Amino acid sequence: MNLILLGAPGAGKGTQAEVICKALNIPTISTGNMLREAVKNGTKSGLEAKSFMDSGKLVPDEVVIGILKDRIAEDDCKNGFILDGFPRTVPQAEALDNMGVTIDKVIEIYVPDEKIKQRLSGRRVCERCGNSYHVDFKPTKVEGVCDACGGKTVIRKDDEPETVNNRLAVYHEQTAPLKGYYEKQGKLVTVEGQEEVSETSKLTLAAIEA
Ligand code: ADP
Ligand code: ZN
C-alpha cells in the first residue's frame, strides 16, 4: 500500500506516519527528515536546500523530487511506503504520477491554523535521530532527552514563530491545492486531528482500512 500524508506543518503527520508504519510494517519516507540529514552531512542537495528550509520556504521541486525518486527505489519500499511531507506542490504530485507510482490513499490530517501555532511552539526534535516530541502533548520521559536514542532534543530553527507563519502561508498557497488534485482521483480522506494523539491514530487507521 502506497500512502500519502497531507497536512499543515505541525498537524501531526509524522506521528501518524509512525502509527501506520507499525500497523502495516511499511517504511515512512519523510522528505523533511531526509533534507535535514542532507544539510547536516553537507551534501550537494543539502547545500541547495538549507536557506529555503531556514526561512520556511519550499525547497525547489527538482531537488526534492530527485531525493524522493532515489529513496522509493530502495528495497524496503517494494511492499509500499508512507510519504510524509511529499508531495507538497502540484508539480511534485505530477512527478510522482509520471514515475508510475500508484497512490492508494491520501490522508489529510486537518488541524486549524491557531492550533498549529500552539503546537509548533512546543515542538522539540532529537538532533541525533530526528524523532519529534511536544512539551505538552508528547513529552520525552526525561526532559530534553530523546526516548529513542538518548540524543538531545532541541527547538527546530524553522519552528520560530515568524517562520511558522511563513510555513503556514506556503502550505495554504502551494500544498493545499493538492487536496483538490487527489479528491478528483477519489483518493482523499480527511482525518480531524484530535487533542489526544491516540484518538487521531484510531481515526487514521480506520481511514486506511475503509
Ligand atoms: P513540517 O513540519 O513543515 O511538515 P518537514 O520536516 O516536512 O516540516 O519539512 C521541513 C522543511 O523541509 C520544509 O519547510 C521545506 O523547506 C523542506 N521540505 C520538506 N519536504 C519538502 C517537499 N516535498 N518540497 C519542498 N520542500 C520540502
Ligand atoms: Zn533520538
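My aim in this report is to walk through the structure given alongside it, one point at a time. (Residues numbered from 1 in each chain as written. Chains lettered and ligands numbered in written order. Predicted model: local features only at pLDDT ≥ 70, side-chain atom pairs only at ≥ 80, totals over all residues. Heavy atoms only, no water.)

## Side note on the overall build of the protein
Phase 1 of the analysis: Check the secondary structure of the protein and you find nine helices and eight strands.
Phase 2 of the analysis: Whereas a compact globule of 210 residues would reach a radius of gyration of roughly 17 Å, the protein reaches 16 Å, a difference of no more than 12%.
Phase 3 of the analysis: Projecting the C-alpha coordinates of the protein onto the three principal axes gives extents of approximately 45 × 40 × 35 Å.
Phase 4 of the analysis: Once local pairs closer than 6 in sequence are excluded, the contacts in the protein between residues at least 24 apart make up 68%.
Phase 5 of the analysis: Within the structure as shown, the protein displays about 10800 Å² of accessible surface, and the carbon and sulfur contribution to it stands at 51%. (Helix = DSSP H or I, 4+ residues; strand = E, 2+ residues; numbered from the N terminus. Rg over C-alpha atoms; globule rule 2.2 N^0.38 Å. Contact = heavy atoms within 4.5 Å. Areas by Shrake-Rupley, 256 points an atom, 1.4 Å probe, with all protein chains shown as cover.)

## Considerations on the site of ligand 1
Phase 1 of the analysis: Surrounding ligand 1, one finds 19 residues, the nearest of these being Thr31, Arg36, Lys57, Gln92 and Arg167.
Phase 2 of the analysis: A distance of 3.2 Å separates an oxygen atom of ligand 1 from a polar atom in the side chain of lysine 13.
Phase 3 of the analysis: Valine 59 is positioned with one of its backbone polar atoms (N or O) 3.0 Å from a nitrogen atom of ligand 1.
Phase 4 of the analysis: For ligand 1, whose unbound accessible area comes to 550 Å², protein coverage reaches 96%.
Phase 5 of the analysis: Ranked by the residues each element gives to the shell around ligand 1, the list is headed by helix H2 (residues 31-41), at four residues.
Phase 6 of the analysis: In the shell around ligand 1, the residues fall into seven nonpolar, four polar and eight charged. (Near = heavy atom within 4 Å. Polar contact = N/O pair within 3.5 Å; in protein donor to acceptor, adjacent residues only side chain to side chain. Nonpolar A, V, L, I, M, F, W, Y, C, P; charged D, E, K, R; others polar.)

## Observations concerning the coordination of the zinc ion (ligand 2)
Phase 1 of the analysis: Every protein donor of the zinc ion (ligand 2) is accounted for by Cys126 (SG), Cys129 (SG), Cys146 (SG) and Cys149 (SG), and the metal-donor separations fall at 2.3 to 2.4 Å.
Phase 2 of the analysis: Every donor counted, the four donor atoms about the zinc ion (ligand 2) form angles of 99 to 115° at the centre, which fits tetrahedral coordination.
Phase 3 of the analysis: Its relative accessible area of 38% is what places cysteine 129 among the partly exposed residues. (Donors = N, O, S within 2.8 Å, 3.2 Å for Na, K, Ca; no water. Tetrahedral: all angles 85-135°; square planar, octahedral: opposite > 155°, others 65-115°. Buried < 20%, exposed > 50% of the residue type's maximum accessible area, 1.4 Å probe, protein only.)

## Details of H2
Phase 1 of the analysis: Of the positions making up H2, those classed as buried are Thr31, Gly32, Leu35 and Ala38. The buried side chains of H2 occupy one side of the element, clustering within an arc of 125° when seen end-on. Turned more than 90 degrees off the buried face of H2, the exposed positions are Lys40 and Asn41.
Phase 2 of the analysis: Contacts from the buried residues of H2 go to strand E2 (28-30), helix H3 (44-55), helix H4 (61-72) and strand E3 (81-84).
Phase 3 of the analysis: Positive phi appears at glycine 42, one or two residues downstream of H2, with a value of about 65°. (Arc of directions from axis to C-beta.)

## Some remarks on the sheet that holds strand E5 (residues 123-126)
Phase 1 of the analysis: Strand order in the open sheet made by the three strands is E6-E5-E7, with antiparallel pairing throughout. The sheet is open, and its two edges are formed by strand E6 (132-134) and strand E7 (153-154), each paired on a single side.
Phase 2 of the analysis: Strands in contact with helix H6 (residues 113-121) are E5 and E6; relative to E5, the strand with the most contacts, it is inclined by about 45°. (Pairing = 2+ DSSP bridges. Axes fitted to C-alpha atoms, helices over the stretch in contact; angles between N-to-C directions.)

## Structural notes on the packing of helix H5 (residues 90-98) against helix H8 (residues 177-184)
Phase 1 of the analysis: Interaxial distance between H5 and H8 falls to 9 Å at its minimum, and their mutual angle equals 35°. Across the interface between the two elements, Val90, Ala93, Glu94, Leu96 and Asp97 from H5 touch Pro177, Leu178, Tyr181 and Tyr182 from H8.
Phase 2 of the analysis: Taken together, the residues that form the contact of H5 with H8 break down as seven nonpolar, no polar and two charged.

## Here's the deal with unusual backbone geometry
Working note: non-glycine residues mostly have negative phi, and peptide bonds are mostly trans.
Phase 1 of the analysis: For the peptide bond that leads from phenylalanine 86 to proline 87, omega is -10°, which places it in the cis range.
Phase 2 of the analysis: Tracing the backbone shows proline 87 in the loop between E3 and H5.
Phase 3 of the analysis: Notably, asparagine 25 is not glycine yet its phi reads approximately 55°, a positive angle.
Phase 4 of the analysis: The topology assignment puts asparagine 25 in the loop between helix H1 (13-24) and E2.

## Points about the environment of arginine 124
Phase 1 of the analysis: Structurally, arginine 124 is set in strand E5.
Phase 2 of the analysis: The contacts of arginine 124, once residues within four sequence positions are left out, are Asn131, Ser132, Tyr133, Val135, Thr153, Val154 and Ile155.
Phase 3 of the analysis: A polar atom in the side chain of arginine 124 sits 3.4 Å from the backbone oxygen of serine 121.
Phase 4 of the analysis: Within polar-contact distance, the side chain of arginine 124 engages the backbone oxygen of glycine 122 at 3.5 Å.

## Remarks on the sheet that holds E2
Phase 1 of the analysis: Ordered by their spatial adjacency, five strands build an open sheet running E2-E3-E1-E4-E8, and the pairing between neighbours is parallel. Of all strands in the sheet, those bounded by a partner on one side alone are E2 and strand E8 (188-192). Strand after strand, the sheet turns through a mean of 25° between neighbouring axes, direction not considered.
Phase 2 of the analysis: As paired strands, E2 and E3 are joined by three bridges and run parallel to one another. The residue of E3 that forms the bridge with isoleucine 29 is leucine 83.
Phase 3 of the analysis: Across the face of the sheet, H2 comes into contact with E2 and E3 while running at roughly 55° to E2.

By themselves, these figures tell us nothing about what the structure is for.
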